[in-house]
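An overview of the molecular structure
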Amino acid sequence: MRIRLRENGPLVIDLPEGSRYLLGGEERVLERAKLALCRCGHSQNKPLCDGSHKRVGFLATGGELELDPR
Ligand code: FES
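Residues numbered from 1 in each chain as written. Predicted model: local features only at pLDDT ≥ 70, side-chain atom pairs only at ≥ 80, totals over all residues. Heavy atoms only, no water.

1. A closer look at unusual backbone geometry
- With an omega dihedral of 5°, the bond running from Lys46 to Pro47 counts as a cis peptide bond.
- The phi angle at Asn8 is positive, at roughly 60°, despite the residue not being glycine.
- Inspection of the secondary structure puts Asn8 in the loop between β1 (2-5) and β2 (11-14).
- With a relative accessible area of 27%, Asn8 lands in the partly exposed category. (Helix = DSSP H or I, 4+ residues; strand = E, 2+ residues; numbered from the N terminus. Buried < 20%, exposed > 50% of the residue type's maximum accessible area, 1.4 Å probe, protein only.)

Below, the structure is given as structure tokens:
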């Protein structure tokens, strides 16, 4: 699994479109092939990013994590 740290933005996890995930005990279907998680702390839709990082001027370095689930 690959997690991208967007410069000045969220953590983005690439998953197959249609993947299912649990949020607050509720099962949801991923409509896009990625899941963006807030890391600025200002989203009104936590843990998902809602774009608030731009409004608040969140600054963070970008990067990438490659996880090898075994
Ligand atoms: S990172 Fe986008 S709203 Fe927090």
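Structure's up, so let's keep going.
2. A short note on the layout of surface pockets
- Taken as a whole, the largest pocket holds about 270 Å³ of empty space.
- Ranked by residue count, the leading element in the lining of the largest pocket is strand β5 (residues 34-37), at three residues.
- Here the residues of the lining of the largest pocket are counted per class, giving seven nonpolar, no polar and four charged. (1 Å grid on protein atoms, 1.4 Å probe; cavity = no way out; pocket = protein on both sides within 12 Å on 5 of 7 lines; lining within 4 Å. Points joined across faces, edges and corners; volume = space filled by probe spheres on them. Nonpolar A, V, L, I, M, F, W, Y, C, P; charged D, E, K, R; others polar.)

Shape descriptors only; they carry no functional weight alone.
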